[in-house]
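What follows is each chain in one-letter form.
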Amino acid sequence: MEAEKKSSAVSDVGAWAMNVISSVGIIMANKQLMSNNGYAFSFATTLTGFHFAVTALVGMVSNATGLSASKHVPFWELLWFSIVANMSITGMNFSLMLNSVGFYQISKLSMIPVVCVLEWILHNKQYTREVKMSVMVVVIGVGVCTVTDVKVNAKGFICACVAVLSTSLQQISIGSLQKKYSIGSFELLSKTAPIQAASLLVLGPFVDYFLSQKLILEYKYSSGAILFILLSCSLAVFCNVSQYLCIGRFSAVSFQVLGHMKTVCVLTLGWLLFDSELTLKNIMGMLIAVIGMVVYSWAVEIEKQSNAKITPHAKNSLTEEEIRLLKEGVENAPLKDIELGEQKQ
């Protein structure tokens, strides 16, 4: 039992490390690919379509070689999930275009309370006081280190609301679908990726043209740009797989809270690699956010231990009742001759 717990803990840490490393890596790669100082590939939605196309290809190869098994999930559920996921991607892109960076960061921070409320409404999930307090600390910390100017307009506000709701719903749905159909994270991803890839590759160029006023067909590909597109797609596979793994193992709230560790890493690496400004305000915010994450991890562990103490007691009581009912059933039931199938008097 102890060995199983250690193995599970190692797997959890591995999944989380993969998500943080791949997410930070893809942000750094995309920054070089999309910035004007880099390769000026300003087609974010279409690039996401490339990501899912490569992910779908990896899933098909894995299923064909027997490395993973394909389980049945109703197509309408996969389609609904893909629509929500694509709304999340498009909504985030439009939110970033129409709003200031400050309001965009605030909208991303609001996902944590939105996920909490949605899980309470959809799954009747309750949160302890310690968990709520730690979430607030994380939100304050990340807000301090990322939020600058805050300007909002009607269109931007609507896009931000759509982005936050769809992203929160998508992350909750990942865990729900995995539990409902007893399907692994990679198997679920391999089923949704082709649908997302097809829709994003068709609609993506139009969305990107609206955002940047540039046509992807007119972009001049250099060897460096192609290399970074391939790097971005490769990292996206690990990022997508680890996201499904993490939400399947933890919860959408945990994924959001601990996911802000990526924000801290991105700010630090931006300062180290791209000469981004790192002020005292940024450093203070990062420290508060890290403290909040540590407190959150502690609060979740306390909650698990307290649930573990309650569960065995309930199970023992149930088992005793089952034993009593079985005994009464055996004592009161008439005996039967197994061979002849006749009741003995």
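None of the values given here were measured: they were computed from a predicted structure. (Residues numbered from 1 in each chain as written. Predicted model: local features only at pLDDT ≥ 70, side-chain atom pairs only at ≥ 80, totals over all residues. Heavy atoms only, no water.)

Q: What's the story with the packing of helix α3 (residues 75-98) against helix α8 (residues 185-212) in this structure? I'm lost.
A: For any two helices packed against each other, the geometry comes down to the angle between their axes and how far apart the axes lie. Where α3 meets α8, the axes come as close as 9 Å, and the angle between the chain directions of the two elements is 35°. The handedness of the crossing between α3 and α8 is right-handed. Here Phe75, Leu78, Leu79, Phe81, Ser82, Ala85, Asn86, Ile89, Thr90, Asn93, Phe94 and Met97 of α3 lie close against α8, whose contacting residues are Leu188, Lys191, Thr192, Ile195, Gln196, Ser199, Leu200, Val207, Phe210 and Leu211. (Axes fitted to C-alpha atoms, helices over the stretch in contact; angles between N-to-C directions. Helix = DSSP H or I, 4+ residues; strand = E, 2+ residues; numbered from the N terminus. Left-handed = near helix turned anticlockwise from the far one by under 90°. Contact = heavy atoms within 4.5 Å.)

Q: Looking at this structure, how should I read the pattern of salt bridges?
A: Here the idea is simple: oppositely charged side chains can pair when their charged atoms come close. Tallied over the full model, the rule gives one salt bridge. With its nearest N and O atoms 2.9 Å apart, the salt bridge here joins Glu77 to Lys180. One end of the pair, Glu77, is in helix α3; the other, Lys180, is in helix α7 (residues 154-180), and 103 residues separate them in sequence. (Salt bridge = Lys/Arg side-chain N within 4 Å of Asp/Glu carboxyl O.)

Q: Help me out: how do you make sense of the packing of aromatic side chains in this one?
A: The description of an aromatic ring pair rests on the distance of the ring centres and on the angle between the ring planes. Within the structure shown, the criterion is met by seven aromatic pairs. When the ring of Phe41 is compared with that of Phe43, the centres are 5.1 Å apart and the planes differ by 75°; the resulting orientation is edge-to-face. A centroid spacing of 5.1 Å and a plane angle of 85° characterise the contact between Phe41 and Tyr219, whose relative ring orientation is edge-to-face. One end of the pair, Phe41, is in the loop between α1 (2-34) and α2 (44-64); the other, Tyr219, is in the loop between α8 and α9 (223-249), and 178 residues separate them in sequence. For the residue pair Phe41 and Tyr219, the accessibility class agrees, reading buried in each case. Among the aromatic residues, those joined into a ring-pair cluster are Phe41, Phe43, Tyr219 and Tyr221. (Phe/Tyr/Trp six-rings, centres within 6.5 Å; stacked < 30°, edge-to-face > 60°. Buried < 20%, exposed > 50% of the residue type's maximum accessible area, 1.4 Å probe, protein only.)

Q: Please clarify how the confidence of the model for the protein should be interpreted in this entry.
A: The predicted coordinates ought not to be read in detail in places where the model reports low pLDDT. Here the protein shows a mean pLDDT of 75. Residues at 70 or above account for 68%. Throughout residues 313-327 the model reports pLDDT below 50, and contacts reaching past four residues in sequence, or to other chains, amount to zero contacts. Across residues 330-345, where pLDDT falls below 50, the model places six contacts with residues more than four positions away in sequence or in other chains. (pLDDT = per-residue confidence, 0-100.)

Q: Help me out: how do you make sense of unusual backbone geometry in this one?
A: Most peptide bonds take the trans form, and the phi angle of most residues other than glycine is negative. Of note in the backbone geometry, Ala40 takes a positive phi value of approximately 50° without being a glycine. Checked against the element boundaries, Ala40 lands in the loop between α1 and α2. In this structure, Ser182 takes a positive phi of about 50° despite not being glycine. Following the sequence through the fold, Ser182 ends up in the loop between α7 and α8.

Q: Sorry, what's going on with α2 here?
A: Over its 21 residues, α2 runs 30 Å from end to end, which matches the ideal 30 Å to within 8%, given 1.5 Å per residue. Of all the positions in α2, only Thr45, Thr46, Leu47, Thr48, Gly49, His51, Phe52, Thr55, Ala56, Gly59 and Ser62 are classed as buried. (Expected span 1.5 Å × (residues − 1).)

Q: Help me understand a nonpolar patch on the surface, please; the structure alone is not making it clear to me.
A: Nonpolar side chains collect at one region of the surface, where Phe75, Leu79, Ile83, Met87, Phe157, Ile158 and Val162 lie side by side and expose about 650 Å² of accessible area between them. For the nonpolar patch, the elements supplying multiple residues, two or more each, are α3 and α7. Sorting elements by how many residues they give to the nonpolar patch places α3 first, with four residues. For Ile158, the position within the fold is in helix α7. (Patch = residues over 30% accessible without salt bridge, like charges linked within 9 Å, V, L, I, M, F, W, Y side chains within 5 Å. Areas by Shrake-Rupley, 256 points an atom, 1.4 Å probe, with all protein chains shown as cover.)

Q: Just to check I follow, could you spell out the nonpolar core for this structure?
A: Counting 15 residues, the largest nonpolar core has Leu78, Phe81, Ile174, Leu188, Val241 and Tyr244 as the members making the most contacts within it. If you list the elements that add at least two residues to this core, you get α3, α7, α8 and α9. If we ignore the near neighbours within four places in the chain, the residues touching Leu188 are Leu78, Ile174, Leu177, Gln178, Ile183 and Tyr244. One finds Phe41, Phe43, Ile229 and Cys233 within the second-largest nonpolar core, a separate group that totals nine residues. (Core = buried A, V, L, I, M, F, W, Y, C linked by side-chain atoms within 4.5 Å.)

Q: Where do I start with the environment of Thr192 in this structure?
A: Summarising the element assignment, Thr192 is placed in helix α8. For Thr192, a relative accessible area of 0% translates into the label buried. Separated by 112 residues in sequence, Thr192 and Trp80 have C-alpha atoms that sit 9.9 Å apart. The residues touching Thr192, leaving out its near neighbours within four places in the chain, are Leu78, Phe81, Ser82 and Tyr244.

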